[in-house]
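Descriptive analysis of the structure
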Amino acid sequence: MLVTPKVELHVHLDGALKHTTAWELLKKKNLHLPGNGSYEAFLDSIIVKEPDSLMTFLRGFGIFLPAVIGDLEAIERMSYEFCESAAEQGVIYVEARYCPFLLMPDSFTEANFLSQNTGNHEKNGKQISTKEVVEAVNKGFQDGERQFGTIARTILCCIRGKPEWSKEILDLCIQFKDQGVVGIDIAGDEAGEKPIPGEESGELIDYWRIACCANYFHTFSPIELRMLDAEDIAVFEKAAELGIHRTVHAGEAGPAQMVWKALTVLKAERIGHGYRVLEDDSIYNHCLNKGVHFECCPTSSMLTGSVSICGTKTHPIMRFAQDGASFSISTDDPTVTNTNLSDEYALCAKWGLTIAQLQETNINAMKNSFAEPSIKQSILEKLYSAYGLKNQN
Ligand SMILES: [Zn+2]
């Protein structure tokens, strides 16, 4: 490991489901397995190796997410194991994000997107609430923290195109504010209303659901820009008023203006990805002056093609480092990228980031984390001491 201990701010809980657990649950529940039904075929169908299309990326989620959707016990286990994996990477503080609605059985079971896997969920039939989903995640995280020592907090995600969910998500943030939920996010600031209705249209018919997934896991649909929904703006304004921390997926596939909107309209304190901020000097300089923190995800930035959209010679992360921008390194969706945090650090080192710079990303991450002040302080002290740095606070 190049750097330890670590802090991670941008990882989707349900994009971090362990391959072996997904496999085990799919088999146990008699759900659809791709190809010849072998573990190898399963891995092959969910891991994205080369930059490819939206449909390729989403197909993986359609295969492994049914393993946990609508199953509180599985959701708790996923959360517990998430802490275990984080601890193995030397992560001492992590913020994992998810949209509770996307783990609800009725959010997905009738979706054509997951049609191959719907039958058994309907048979299981039990209705659950978003509150129960959050409680299951919290329980997994509390047990995980106790067992493995990694402090794990959560951010609840709103989804572009589903503004009717946002109010309830804010309510959950308020309700669980002192029980592990530290912030709100909106994914998919930038995607068009309708994702590509082409390619695999035979099996993928329900466009809004695909849009939800696309928006949640990535914002890389290079279609027309959407206006922000009034409900979402209201929810983020309310969150700011109530002191609920805010981060926003922006500037990944969408242009720099989306970063500006995230900061000014949605009152974002951090930006998820944000690579394309580099396309507009004035917005980028504003971010540099204000110390806006970018949650960077090296492998996913390549796989989603957002970096190639940028058209810059060096990776935006290198530019951020050069210019002294505040940024950190995260995995985003390790189930699909098949990377762990150490792999991401190795990739950055290959691009030229020094150990000192990688250490600094962790200090910046913690400073910009949504942790309670006492946790923030104690983790920062741990980082300074482990890196042999003087505490600058
Ligand atoms: Zn993300």
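Anything mentioned here points back to the structure above.
These notes cover the structure that comes with them. (Residues numbered from 1 in each chain as written. Predicted model: local features only at pLDDT ≥ 70, side-chain atom pairs only at ≥ 80, totals over all residues.)

1. Quick word on the overall build of the protein
The criterion, for reference: A run of DSSP states H or I qualifies as a helix once it reaches four residues; a run of E qualifies as a strand once it reaches two. Both are numbered from the N-terminal end. The burial criterion counts other C-beta atoms lying within 10 Å of a residue's C-beta, which is placed from the backbone; the residue is buried at 20 or more, exposed at 12 or fewer, and partly exposed between these limits. By the convention adopted here, residues are in contact when the distance between their C-beta atoms, placed from the backbone, does not exceed 7 Å.
When helices and strands are counted, the protein shows 19 helices and eight strands. By residue count, 54% of the 393 residues in the protein fall in the buried class. Nonlocal contacts in the protein, meaning residues at least 24 apart in sequence, comprise 77% of its contacts between residues at least 6 apart.

2. Description of the sheet that holds strand β8 (residues 326-329)
Which entries qualify depends on this criterion: Here, strands pair whenever DSSP counts at least two bridges between them. Fitted lines through C-alpha atoms give the axes, limited to the stretch in contact for helices. The angle between two N-to-C directions lies from 0 to 180 degrees.
Across the sheet, eight strands lie side by side as β1-β2-β3-β4-β5-β6-β7-β8; this open sheet has parallel pairing. In the strand order of this sheet, the two ends are held by β1 (6-12) and β8, each with one partner. Across this sheet, the average inter-strand angle for adjacent strands is 25 degrees, counted without regard to direction. As judged from the six bridges shared by strand β3 (residues 151-159) and strand β4 (residues 181-187), these two strands associate in the parallel manner. Looking at β4, one finds that Leu 156 is bridged to Ile 184. Together, β5 (245-250) and β6 (270-273) form the strand contacts of helix α11 (residues 256-264), whose direction differs from that of β5 by roughly 165 degrees. Sheet contacts for helix α17 (residues 341-351): β1, β2 (91-98) and β8; angle to β8, the most-contacted strand, approximately 125 degrees.

3. A word on the nonpolar core
Put simply, the rule reads: Nonpolar cores are identified as sets of buried Ala, Val, Leu, Ile, Met, Phe, Trp, Tyr and Cys residues joined via C-beta atoms within 7 Å.
Ranked by internal contacts, the top residues of the largest apolar core, which has 105 residues, are Ala 67 and Val 68. In contact with Val 68, not counting residues within four places along its chain, are Asp 14, Leu 17, Leu 25, Ala 74, Ile 75, Met 78 and Leu 103.

4. Quick look at the packing of helix α4 (residues 72-88) against helix α7 (residues 130-148)
The test is simple: Two helices cross in a left-handed way if the nearer one is turned anticlockwise from the farther one by less than a right angle. They cross in a right-handed way if the turn is clockwise. Under this grouping Gly is polar, as are all residues other than the nonpolar Ala, Val, Leu, Ile, Met, Phe, Trp, Tyr, Cys and Pro and the charged Asp, Glu, Lys and Arg.
As a packed pair, α4 and α7 sit with axes 7 Å apart at the nearest point and diverge in direction by 35 degrees. By crossing handedness, the relation of α4 to α7 is classed as right-handed. Along its contact with α4, which presents Leu 72, Ile 75, Glu 76, Arg 77, Met 78, Ser 79, Tyr 80, Phe 82, Cys 83, Glu 84 and Ala 87, the element α7 presents Glu 132, Val 133, Ala 136, Val 137, Lys 139, Gly 140, Phe 141, Asp 143, Gly 144, Glu 145 and Phe 148. Residues belonging to the contact of α4 with α7 are distributed by class as follows: 12 nonpolar, three polar and seven charged.

5. Section: unusual backbone geometry
Among all residues except glycine, the phi angle is most often negative; among peptide bonds, the trans geometry is most common. Note the cis peptide between Thr 4 and Pro 5, where omega equals -5 degrees. With respect to the secondary-structure elements, Pro 5 resides in the segment before β1. Although it is not a glycine, His 273 adopts a positive phi angle of roughly 75 degrees. When you line up the elements, His 273 lands in strand β6. When the 33 C-beta atoms within 10 Å are taken as the criterion, His 273 is described as buried.

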